[in-house]
Amino acid sequence: MPYILKSYETGATLSQTTDAPQATGGFEEYAQAGWVPAAAGLGLTRGGVYRLDDPMPGGVKRKIKVVAIGAGLNAFTYVRDGVA
């Protein structure tokens, strides 16, 4: 099942991936790759707040803050900022 990235303000779907988040070692910080459309073309901003939904039954809808965007790797790094 995909993870779905959405606008926090409007709930509009921006992108999705089937790649699982990978812990970076920072507190509540994760990197996630494989976005379609590609992360680098989404207009994400460092420090921007978004919503990341796990559509599995019982999956959590999280508020996240982007801390880095990897243009060549089609990935971004985020910090969990609570439940959306």
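See the structure printed just above.
These remarks concern the structure in this document.

This model, assessed by the stated rule, comprises three aromatic pairs. With 5.9 Å between their ring centres and 50° between their planes, Phe76 and Tyr78 make a pair best called tilted. On the accessibility criterion, Phe76 (1% relative accessible area) is buried. Here Tyr78 falls in the buried class, since its relative accessible area comes to 1%. Three or more aromatic residues joined by ring pairs make a cluster, and in this case those are Tyr30, Trp35, Phe76 and Tyr78.

This paragraph deals with unusual backbone geometry. Cis geometry is adopted by the peptide bond preceding Pro37, which originates at Val36 and carries an omega value of -5°. Following the sequence through the fold, Pro37 ends up in the loop between strand E4 (29–33) and strand E5 (49–53). Backbone geometry places Glu28, a non-glycine residue, at a positive phi of 55°.

Definitions and cut-offs
- Residues numbered from 1 in each chain as written.
- Predicted model: local features only at pLDDT ≥ 70, side-chain atom pairs only at ≥ 80, totals over all residues.
- Heavy atoms only, no water.
- Phe/Tyr/Trp six-rings, centres within 6.5 Å; stacked < 30°, edge-to-face > 60°.
- Buried < 20%, exposed > 50% of the residue type's maximum accessible area, 1.4 Å probe, protein only.
- Helix = DSSP H or I, 4+ residues; strand = E, 2+ residues; numbered from the N terminus.

Any functional reading would require information that these geometric values do not contain.
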